[in-house]
Amino acid sequence: MAIDEVAASAPTPIDRATLDSAREITESVRTGGEAALRSHAERLDGLAPGAPMVLGKEELARAAASVPEETLALLERVAGRIRAFALAQRGALTALEVAVPGGRAGHDVEPVAAAGCYAPGGRYPLPSSVLMTAVTARAGGVERVIVASPAPDPVTLAAAHVARADQFLCVGGAQAVAAMSYGVPGLVEPVALVVGPGNRWVTAAKQIVYGAVGIDLPAGPSELVVLADETANPDLIAADLLAQAEHDPDARPALITTDPTLPDRVETCLMRRLGELPTREVASAALAHGFVAVADSMEAALKAVDELAPEHLQLCVGDPRSAKASLKHFGAAFLGERSAEVFGDYGAGPNHVLPTGGAARYSGGLSVFTFLRVRTWLELDSVKETGEDARDLAELERLSGHARAAEARLGSS
Ligand SMILES: NC(=O)c1ccc[n+]([C@@H]2O[C@H](COP(=O)([O-])OP(=O)(O)OC[C@H]3O[C@@H](n4cnc5c(N)ncnc54)[C@H](O)[C@@H]3O)[C@@H](O)[C@H]2O)c1
Ligand SMILES: [Zn+2]
């Protein structure tokens with residue numbers, strides 16, 4: 001692909017047909033309750049007829065006890081790193097109090113009361129996403145946490161136990177998002193915020209329920225841009241492209257480089273690795289809509305990356321820090337070829353739930369901040385300095401009630 005065609009090749013966030021089918025599903029769960037939820041789950045999520053849809057803390061603890069000890073220890077270690085990073089981020093946001101004319105104002109920080117955390121499970125079980133969402137919610141102080149994932153395996157349930165989730169909804173897709181958002185009488189209480197990655201039906205459903213609940217960000221099919229110069233190792237690039245390609249046939253792996261000899265060398269490694277990859281069927285489908293672009297300068301390459309606003313950006317260049325510093329739009333950057341994107345996926349610290357479909361232009365990834373509300377307050381001793389301005393501005397807007405409410409205080413200060 002020519003470098004100046006890269007921006008136009010960006011995927012549209014969600015197609016109309018997926019939105020329509022997600023809307024039908026979310027509406028039917030909203031109005032049809034448990035019976036509608038069960039019928040979608042049996043049809044789309046492989047829920048066995050009569051199987052429980054919701055598990056509580058004891059069942060999650062039992063699942064945790066059933067997995068090998070070293071698996072549980074692994075989940076605990078990864079959860080610990082995600083929690084440590086989230087708590088460090090939490091510490092960067094503090095309550096504020098400042099003087100304003102006539103008094104004081106400020107903000108305080110309060111978590112949402114209840115969060116629904118979606119973890120994908122259609123193609124592969126993703127216990128890592130359970131940890132990324134639910135551990136981070138708890139680190140933010142969320143009181144009630146429900147995790148949803150279709151056909152969960154014991155490790156996914158164990159991850160929910162490790163994350164100290166309260167409930168597990170064994171349902172996926174748009175129906176799970178609707179159930180957590182609207183609630184299902186007798187089964188699931190509605191939450192205030194729904195978060196988590198997923199395929200296009202999950203992403204569409206989050207868009208639909210937004211307003212009734214808060215959502216995090218569009219975190220759809222995986223995207224990776226590798227930005228590489230002549231210092232890059234073609235075999236590592238091939239490995240990284242395949243790692244994201246295997247997520248979903250809709251995933252989008254791409255290489256942008258200033259070295260015209262690199263694409264062929266990457267291609268050779270890619271073909272060899274693809275032949276040996278157990279997930280090659282999905283990966284090949286994704287590779288078919290990935291792309292390679294050669295730029296004649298680093299400046300042109302950086303411009304193309306910025307226009308694309310990719311979810312993951314792997315910087316295989318001589319000076320990754322300065323490349324990152326000159327970019328505005330990406331979900332998460334991985335600096336240098338040792339800092340492979342998979343270490344972000346699997347919990348080095350930062351979250352792996354990241355904006356796709358160009359959403360990096362207006363959103364960062366999921367973080368502890370997603371679960372927090374910054375609420376402001378105002379406390380005045382005197383309205384001498386601001387009261388007349390308030391009254392006059394209200395009159396300009398012809399809102400007499402406002403003007404009078406301000407006026408009523410003017411005499412008393
Ligand atoms: N952006 C991120 O931060 C991030 C992180 C991890 C994973 N992901 C992405 O999450 C996705 C996971 O996808 P997945 O499919 O494996 O799991 P998923 O759990 O997201 O979706 C599976 C569910 O989709 C629903 N579904 C499937 N086909 C449907 C249809 N025809 N009509 C209606 N509903 C249907 C079903 O309910 C099914 O259980 C991948 O695209 C992956 O790249 C993104
Ligand atoms: Zn990944």
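Residues numbered from 1 in each chain as written. Chains lettered and ligands numbered in written order. Predicted model: local features only at pLDDT ≥ 70, side-chain atom pairs only at ≥ 80, totals over all residues. Heavy atoms only, no water.

With that settled, consider the sheet that holds strand β3 (residues 103-111). Read from one edge of the open sheet, three strands run β2-β3-β14, paired in antiparallel fashion. Because the sheet does not close on itself, it has two edges, and the strands there are β2 (96-100) and β14 (372-380). Geometrically, the sheet is characterised by an average inter-axis angle of 20° between neighbouring strands, direction not taken into account. By the bridge criterion, five bridges tie β2 to β3 in an arrangement that is antiparallel. (Pairing = 2+ DSSP bridges. Helix = DSSP H or I, 4+ residues; strand = E, 2+ residues; numbered from the N terminus. Axes fitted to C-alpha atoms, helices over the stretch in contact; angles between N-to-C directions.)

Time to look at the coordination of the zinc ion (ligand 2). Around the zinc ion (ligand 2), the protein contributes the donor atoms Q244 (OE1), Q244 (NE2), H247 (NE2) and D345 (OD), which lie 1.9 to 2.8 Å from the metal centre. For the zinc ion (ligand 2), the four donor atoms are set out with angles of 50 to 143° between them, so the coordination reads as irregular. Written as a sequence motif, the donor residues of the zinc ion (ligand 2) are Q-x2-H-x97-D. (Donors = N, O, S within 2.8 Å, 3.2 Å for Na, K, Ca; no water. Tetrahedral: all angles 85-135°; square planar, octahedral: opposite > 155°, others 65-115°.)

The angle between the axes and the distance between the axes are what describe a pair of packed helices. The interhelical angle for the contact between helix α1 (residues 16-44) and helix α7 (residues 200-209), taken along N-to-C directions, is 65°, at an axis separation of 9 Å. In the crossing of α1 with α7, the sense of the turn from one axis to the other is right-handed. Note on element contacts: α7 touches α1 through R200, W201, A204, A205, Q207, I208 and V209, opposite T18, L19, S21, A22, R23 and T26. Considering only residue class, the contact of α1 with α7 consists of seven nonpolar, four polar and two charged. (Left-handed = near helix turned anticlockwise from the far one by under 90°. Contact = heavy atoms within 4.5 Å. Nonpolar A, V, L, I, M, F, W, Y, C, P; charged D, E, K, R; others polar.)

Let us now look at the packing of aromatic side chains. Applying the stated criterion across every chain, the model contains zero aromatic pairs. Above the plane of the ring of W201 lies R200, whose end atom (NZ or CZ) is 4.6 Å from the centre. (Phe/Tyr/Trp six-rings, centres within 6.5 Å; stacked < 30°, edge-to-face > 60°. Lys NZ or Arg CZ within 6 Å of the ring centre and 35° of its normal.)

Further remarks concern the UniProt feature "binding site: substrate" (unreviewed entry) in the protein chain. According to UniProt, the "binding site: substrate" (unreviewed entry) feature falls on S222, Q244, H247, H312, D345, E397 and H402. A stretch of 181 residues holds the annotated residues, and the largest C-alpha distance among them is 55.6 Å, long enough that they do not meet in one place. Considering only the annotated residues already named, the ones lining the largest pocket are S222, Q244, H247, H312 and D345. In this structure, Q244 sits in helix α8 (residues 234-245). For Q244, the residues in contact, after removing those within four places along its chain, are S222, L224, A251, H312, E341 and D345. At a separation of 2.7 Å, a polar atom in the side chain of Q244 contacts the side chain of S222. Relative to the helices and strands, H247 is located in the loop between α8 and β10 (252-257). Not counting residues up to four positions away in its chain, the partners in contact with H247 are R123, Y124, S222, V282 and D345. (UniProt positions renumbered as here; feature names shortened; annotations may be inferred. 1 Å grid on protein atoms, 1.4 Å probe; cavity = no way out; pocket = protein on both sides within 12 Å on 5 of 7 lines; lining within 4 Å. Polar contact = N/O pair within 3.5 Å; in protein donor to acceptor, adjacent residues only side chain to side chain.)

Looking now at the environment of L354. Mapping L354 onto the fold places it in the loop between α13 (341-345) and β14. Under the relative-accessibility criterion, L354 is labelled buried at 5%. Residues L354 and F330, 24 residues apart in the sequence, show an inter-C-alpha distance of 9.3 Å. Apart from the residues lying within four places of it in its own chain, the contact partners of L354 are L217, P218, A219, E311, H312, G331, A332 and G365. (Buried < 20%, exposed > 50% of the residue type's maximum accessible area, 1.4 Å probe, protein only.)

Moving on, we get to the domain arrangement of the protein chain. One can read the domain layout of the protein chain as domain 1 (16-219), domain 2 (221-349) and domain 3 (386-413). Counting residues at the interface gives eleven residues for domain 1, matched by 14 residues for domain 2. Of the roughly 960 Å² buried between domain 1 and domain 2 on both sides combined, carbon and sulfur atoms contribute 55%. Run the count over domain 1 and domain 2 and you get one salt bridge. For R200, the salt bridge is made with D250, and the minimal N-O distance between the two is 3.0 Å. Where domain 1 packs against domain 2, one counts three residue pairs in polar contact (both at pLDDT 80 or more). For the side of domain 1 that touches domain 2, the elements supplying multiple residues, two or more each, are α3 (69-91) and α4 (127-139). (Domains from an automatic or database assignment. Buried area = accessible area lost by both parts, 1.4 Å probe. Salt bridge = Lys/Arg side-chain N within 4 Å of Asp/Glu carboxyl O.)

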